[in-house]
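Breakdown of the fold
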Amino acid sequence: MTEALSNPRPLDAEPARPSSSLFAHARYVLSDNPITGFSFALFLMIALAALIGPYVVPHDPLASDTSAALQPPTWKHWFGTDQLGRDIFSRVVTATRLDFVIALSSVALVFVMGGFAGIAAGFYGGWTDRIVSRLADTIMAFPLFVLAMGIVAALGNTVTNIVIATAIVNFPLYARVARAEANVRRDAGYVQAARLSGNSDARILLTQILPNIMPIMMVQISLTMGYAILNAAGLSFIGLGVKPPTPEWGIMVAEGATNIISGEWWIALFPGAALMIAVFCFNLLGDGLRDLVDPQRRT
Amino acid sequence: MSGEHLVNEHVRLSNHPPGLPLLAVKNLTVEFQTRRGVVQAVRNVDIEVAKGETLAIVGESGSGKSVTSYAVMRILDRAGRIAEGSVVFSGIDMRQASDEQMRDLRGREMSMIFQNPRAALNPIRKVGHQIEDVLRQHALAGSDDIKAKAIDILEQVRIARPAERYHAYPFELSGGMCQRVVIALALACRPQLLIADEPTTGLDVTTQKTVMDLVTELTRQRGMSTILITHDLDLAATYCDRVVVMEKGQVVETATAARIFKAPQHPYTRRLLRATPKPGGTLRGLLPEDEATGARHAARASEDKAPGDAESAPPLLAVEALVKEYPRAGVSGHGLLGFLKREKKADADASVFRAVDGISFTVGRGESVGLVGESGCGKSTTSSMVMRLIDHSAGKIVFDGEDIGAIPAKSFARLPLRRRIQMVFQDPTDSLNPRYTAARAIADPILRLGAIKGRAAIRARCEELAGLVGLPTALLDRFPHQLSGGQKARVGIARAIALEPELVILDEPTAALDVSVQAVVLNLLHDLKEQFAMSYLFVSHDLNVVRLLCDRVIVMQAGRIVEEGPTQSVLYAPQAAYTRQLLAAIPRPQL
Amino acid sequence: MAALIGKRLLTVIPTLVGVIIVTFLLTRVLPGDPAVYFAGPAATPESIAEIRKSLGLDLSLPEQFGRYVGDLVRGNFGNSLSTGQPVAAEIASRLPASAELTLAGLFLSLAIALPLGILAAVKQGSWIDHACRMVTTAGVSLPVFFTGLLLVYIFYYALGWSPAPVGRLDAFATAPPSLTGFHLVDTLVAGDFETFRAALGQLALPAVTLSIFSLAPIARMTRASMLAVLSSEFVRTARASGLSPRTVVITYAFRNAMLPVVTTLGMVFSFLLGANVLVEKVFAWPGIGSYAVEALLQSDFAPVQGFVLTMAVLYVALNLLIDVLYSIIDPRVRLEG
């Protein structure tokens, strides 16, 4: 009923106004929800910090100066200094790139693995489905962070392995979404019609199913990007992956943890806040993207 | 219809002045807040319902007929509001009534039944308890007799073994049974007004008849007034005293059922009436007068084609002892362990379900054959097998002398044979890739299987096809969501005939369309068949529609063919009891 | 019902097999020679060879797997390198601390998230709805270790309301006689209200930290599924029958809305058990998470393996419980299964 209402159309006569293009829709979503616009601006800032941050920071993020240790924020050191007198602002900005790269590469990895496995499982069913589902079930049988810990411990304590572990624990989320979407579309009318037009299965997958699933997968990316960052930072917080003195948000919070009790809040606060803002930004962006792709799923 | 009413034993609203209508809607305007600004879904509508009267509101999708009733009940969703006008029920101004007053009125004085009965019931509450909730709310039963009352109400709506069904959950009941429970809910408190919003849409025609007969009987017994909201003029005229016709949010005509049929005043009513297929009518007769006499159609209006040549030549399609078996549905897991839900093979229960149970039929060259039956009779499974979209379990499918059933469905897609059998799908929206333009959709089979090469040539062919199906070429570069339902149906037809197939399967091609669009599409299909000498296998549940397009009819029930023969004899002299039952269930206004 | 639980139990078997294979493989992919690894830095070639033999590393892979499974069946998780204690015993003694913390966090977040989600959906667009949206978006964005540190700074350093984050009990209190292993329960059973208050004080901050983290997904899902159910046709029917808003929201909408929420609980448990590790580190909580972290940093692999396995088995059990809960609410699963 509401569909008919929002789009009152006469019988078979005129067509609907072609105004509902993606661009107009994007403009509508942005004007309806300025937060999405805000989060996009935030995202650009973070991306900028990751790109040029290391070249523009006021201090060397690794240079220690014991005479200036544990200083609260000043005009010279905007975010204060840590136990070794390193400038926290420079370290927080420099760390953006590493955290960004870890999250991005793990999400890219899982997008390819989980996306393809899930689409194949949903489209072909049968054995492909059973293998992919069993694999995802087994991963889901572990609390995800705990499994990531185990994987990093086993593979070795490196940044690459953090990326791999994060990708593996996210695998079921991607595989599940892709599988469900492919499964729904497998018997859709237009897929049947494509079969009648003489398209092979592979071509149907590529031209009919994939383009229609892509938007949903993009939303999934931006929703799990935040989780990927949190996961990586959590691992480095407990001392896995990134090694000191490399600036990275998780490890910087860990370094400042002991000082919290004695009141030196700034060492942990700023990297923690940076982490929070980054994750917050991706979550907002994910919600905004979802509205863009499917306004009905808005919650 | 308006015979004598039994006196309502509960006279609860004693302040109802005699002589006044039970419900008076005056100048009602309902607005919806939408993305494109405020939309008036209903404009200046006047409706009156007298005590004991049965009124139908008829209109196509978007006419505002449902919104009107929601406004009366004041259950519009958050985006909608009554902008103007008055609704007076039994002397009470519904716009001024408090929420609490409205709650007392709903269910007790006026109640409603909805389109999809299964969705209208709480899926995880026993149906008996749902009835008790209503009784308890309106304090019509104490805790000691409430269960007996609920069972009594179930019995009144003719539910067999009511004491047992009291404990049933909605998913354990059939669609028709669920609709009876919904009726029981609505009538539990013996209200004065019942609003039925498309109560039988989606139900089979035989179920529709039993449900409508039940509603009529119960409401007449209790002297209730009824508003029946429907898109089906025949249904409205069969069961109602008066008919209100709505178009685009406005009432265009109000008259008695007989008058609407005999002397429709408004052009829209006339158009609607013409477009509704009826016994004895012609295909051309569905179109508006000005178009039906138009030159384009008149030129090849050869209605009566001799089906004789189909008998002598070997048939284009011959289906022999076709069987399709499915394993009985298993259980699927819930919760996280069943996170990636897999279909479990029914290993314990090895018994299979025969969706199609050994059927044989033929389709001659240039012939169109109707395949008719109610939901679950196996007609769609049959068409999918003939289309070679799914494999069959046993039997033969012979197309032009070749057993195409022997070719697995998987590899059939790339064969040259593929271009000779095409299909028009039921849902025009679902059958178009949302990311393809109309031109791309039409070109798809040409690109894969066609002989035409080169961008310009394919484009020219698309434009030619668009012309054939009456789709303006300006619309070829639009995406499906920018097209209307009728336009999408035309794109689907253009795609199906793009390769000039010999056999086209029409799977309920007009079921998702309004009647006026259906009229146009049916005529188009008929013209195309004449022009390209195609054969049709027309799958449908609607005997009136099949009659217009088909030379022969096959009636299916529970996977078997119960009757087969020329359209005229099957429809006017049915042999099988089931066919007679189907025909009898079609609403026929007694005028 | 019993048959349904039995069926569910059967489906757990392949999952457990998968879990055991994965934990086994984790030791197999250890970089370098596990024997050298297990022998420690001061090992001689002879001692390494001996360890290799004692660990069974000279056997074939299937044989090693057989031994591994045999050890697990006997409850042998190996010995910790750093403490020399059996891993199984240490995990068993530390498990109640983790369980108490996790459950406290879960109940706290359920108590806040469910009403919040319901109210947000019922009063869509009101201030409480906006508050809910903010809480849920902020909640999933807060790194749990960061929230913990913030709370410590505010409530311990700045306000002084909270005791120092030094574990389950401060230095002055003595642990109650262990009955359930849960300090809150044990102290009450013993009638030791002084220690109960001390234990509660220590538990408060880490539990709140965990609940802030797990609140978001529950509230979000509650709101979303309430909204979906409230706009469903059967709720419209209930409204059209004049049922009171209370009946509509509680009896009709809420129970149906709980189904997806219960399913989400599985995911929430996954997050909670993971976040538990981080919170235990921040608050020096003597649970199995901090045990695993300590071992991890000392390259002591047996405790880590035991920890991963224990967590996985716990998680599988919790999911089983969730499935049973689901089938209690939903007759469709109960009757068709």
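Owing to the predicted nature of the structure, the values given are computational and were not obtained by experimental measurement. (Residues numbered from 1 in each chain as written. Chains lettered and ligands numbered in written order. Predicted model: local features only at pLDDT ≥ 70, side-chain atom pairs only at ≥ 80, totals over all residues.)

Each helix and strand counted, chain B has 22 helices and 20 strands in total. Per-residue burial for chain B yields a buried fraction of 49% across its 591 residues. The contacts of chain B with a sequence gap of at least 6 include a subset with a gap of at least 24, amounting to 70%. (Helix = DSSP H or I, 4+ residues; strand = E, 2+ residues; numbered from the N terminus. Buried ≥ 20, exposed ≤ 12 C-beta atoms within 10 Å, placed from the backbone. Contact = placed C-beta atoms within 7 Å.)

The helix and strand inventory of chain A stands at 11 helices and zero strands. Counting from the amino terminus, chain A carries its helices and strands in the arrangement α-α-α-α-α-α-α-α-α-α-α. In chain A, of all internal contacts separated by at least 6 residues, the share reaching a separation of at least 24 is 69%.

Once that is clear, we can look at the sheet that holds strand 20 (residues 560-566) of chain B. Residue and element names in this part refer to chain B. Strand order in this open sheet of six strands is 16-17-18-13-19-20, and the pairing throughout is mixed. Looking at which strands have only one partner, the edges of the open sheet turn out to be strand 16 (421-424) and strand 20. Adjacent strand axes in the sheet meet at a mean angle of 20 degrees when their direction is disregarded. For strand 13 (residues 368-372) and strand 18 (residues 535-540), the ladder comprises five bridges, and the chain directions are parallel. Looking at strand 18, one finds that L371 is bridged to V539. (Pairing = 2+ DSSP bridges. Axes fitted to C-alpha atoms, helices over the stretch in contact; angles between N-to-C directions.)

This part is about the packing of helix 4 (residues 88-124) of chain A against helix 9 (residues 201-237) of chain A. Residue and element names in this part refer to chain A. With their axes 8 Å apart at the nearest point, helix 4 and helix 9 run at an angle of 140 degrees to one another. Put simply, helix 4 runs oblique to helix 9. When the axes of helix 4 and helix 9 are compared, the crossing they make is right-handed. Residues D99, I102, A103, S106, V107, F111, G115, I119 and F123 of helix 4 lie in contact with helix 9, whose contacting residues are L205, I209, L210, I213, M217, I221, T224, M225, A228, I229, A232 and A233. (Parallel < 35°, antiparallel > 145°, perpendicular 65-115°, else oblique. Left-handed = near helix turned anticlockwise from the far one by under 90°.)

Between chain B and chain C, the residue contacts involve 32 residues of the former and 31 residues of the latter. Mapped onto the side of chain B that touches chain C, the elements with two or more residues apiece are helix 2 (99-105), strand 6 (110-113), helix 3 (127-137) and helix 6 (175-187) of chain B. Its residues assigned to classes, the side of chain B that touches chain C comprises 18 nonpolar, nine polar and five charged. (Nonpolar A, V, L, I, M, F, W, Y, C, P; charged D, E, K, R; others polar.)

It is worth spelling out the interface of chain C and chain A at this point. Taken residue by residue, the interface counts 43 residues in chain C and 38 residues in chain A. Looking at the side of chain C that touches chain A residue by residue, the classes come out as 34 nonpolar, seven polar and two charged.

With that out of the way, let us pick up the sheet that holds strand 1 (residues 23-34) of chain B. Residues and elements named next belong to chain B. Here we have four strands laid out as an open sheet, ordered 2-1-4-5, and antiparallel in their pairing. Of all strands in the sheet, those with a lone pairing partner are strand 2 (37-49) and strand 5 (92-93), marking the two edges. Of the strand pairs in this sheet, strand 1 and strand 4 (residues 80-89) are connected by eight bridges, and their pairing is antiparallel. By the bridge assignment, L23 is partnered in strand 4 with F89.

Only a minority of non-glycine residues have a phi that is not negative, and only a minority of peptide bonds are not trans. Note that the residue after P244 of chain A, namely P245 of chain A, is joined by a cis bond; omega there is 10 degrees. Among the structural elements, P245 of chain A can be located in the loop between helix 9 and helix 10 (249-260). A positive phi angle is found at A558 of chain B, which is not glycine, with a value near 50 degrees. Despite not being glycine, A284 of chain C has its phi angle at roughly 50 degrees, a positive value. By secondary structure assignment, the location of A284 of chain C is in the loop between helix 11 (245-282) and helix 12 (288-297).

On to helix 9 of chain A. All names here are of chain A. Relative to the 54 Å expected for 37 residues at 1.5 Å per residue, helix 9 spans just 47 Å between its end C-alpha atoms, considerably shorter than the ideal helical length. Along its length, helix 9 shows its largest kink, about 45 degrees, at L210, and proline P211 lies within four residues downstream of that point. Trailing helix 9 by a residue or two, G239 shows a phi angle of about 100 degrees, which is positive. (Expected span 1.5 Å × (residues − 1). Bend = angle between axes of the 7 residues up to and from the residue.)

Once that is clear, we can look at helix 14 (residues 379-386) of chain B. Along an α-helix, residues three or four positions apart point the same way, because every turn accommodates 3.6 residues. With six of eight residues buried, helix 14 of chain B is to be regarded as a mostly interior element. Where helix 14 of chain B terminates, the next one or two residues include R388 of chain B, which has phi positive at roughly 60 degrees.

Residue and element names in this part refer to chain B. Looking at chain B as a whole, the pLDDT averages 84, with 88% of positions reaching at least 70. pLDDT under 50 marks residues 1-14. Its contacts with residues more than four places away, or in other chains, come to 16 contacts. Contacts from residues 294-310, a stretch scored under 50 in pLDDT, to residues over four places away or in other chains number 15 contacts. As scored by the predictor, the complex reaches a pTM of 0.80 and an ipTM of 0.86. (pLDDT = per-residue confidence, 0-100.)

Turning our attention to the pairing of strand 10 (residues 250-256) of chain B. Residues and elements named next belong to chain B. Examined bridge by bridge, strand 9 (residues 242-247) and strand 10 share six bridges and lie antiparallel to one another. Along strand 10, the bridge assignment pairs V245 with E253. Hairpin connection of strand 9 to strand 10: two residues between the antiparallel strands, including K248 at a positive phi of 45 degrees.

Turning our eyes to something else, we now look at the packing of helix 5 (residues 126-140) of chain A against helix 7 (residues 159-186) of chain A. Residues and elements named next belong to chain A. The N-to-C vectors of helix 5 and helix 7 enclose an angle of 130 degrees; their axes lie 9 Å apart at closest approach. Relative to helix 7, the element helix 5 is oriented oblique. By crossing handedness, the relation of helix 5 to helix 7 is classed as left-handed. Between helix 5, through V132, A136, I139 and M140, and helix 7, the contact on the second element is made entirely by I168, V169, F171, P172, A175 and R176.

Quick look at the environment of P288 of chain B now. Residue and element names in this part refer to chain B. With respect to the helices and strands, P288 occurs in the loop between helix 10 (267-275) and helix 11 (289-292). Here the alpha-carbon distance between P288 and M534, two residues 246 residues apart in the chain, equals 26 Å. Dropping the residues within four chain positions of it, P288 is found in contact with R271 and R274.

Turning next to the pairing of strand 1 of chain B. Sheet topology note: the strand 1 of chain B/strand 2 of chain B ladder contains nine bridges and is antiparallel. Looking across to strand 2 of chain B, one finds that V30 of chain B is bridged to V42 of chain B.

Right, let's talk about the confidence of the model for chain A for a bit. Residues and elements named next belong to chain A. Overall, the prediction assigns chain A a mean pLDDT of 79, with 86% of residues at 70 or greater. Contacts from residues 1-20, a stretch scored under 50 in pLDDT, to residues over four places away or in other chains number 40 contacts. Low pLDDT (under 50) marks residues 295-299, which in the prediction has five contacts with non-local residues, meaning those over four places away or in another chain.

The next subject is the environment of N157 of chain A. Residue and element names in this part refer to chain A. Within the secondary structure, N157 is located in the loop between helix 6 (144-155) and helix 7. Sequence separation between N157 and F270 is 113 residues, and the spatial gap between their C-alpha atoms is 26 Å. Once you skip the residues sitting within four places of it in the chain, N157 turns out to touch V152, L240 and G241.

Turning our eyes to something else, we now look at the environment of P264 of chain B. All names here are of chain B. You can see P264 is positioned in the loop between helix 9 (257-262) and helix 10. Using a count of 21 C-beta atoms within 10 Å as the deciding quantity, one classes P264 as buried. C-alpha separation for the pair P264 and E253, spaced 11 residues apart in sequence, amounts to 8.3 Å. In this structure, P264 is in contact with E253, T269, R270 and L273, ignoring residues within four places of it in sequence.

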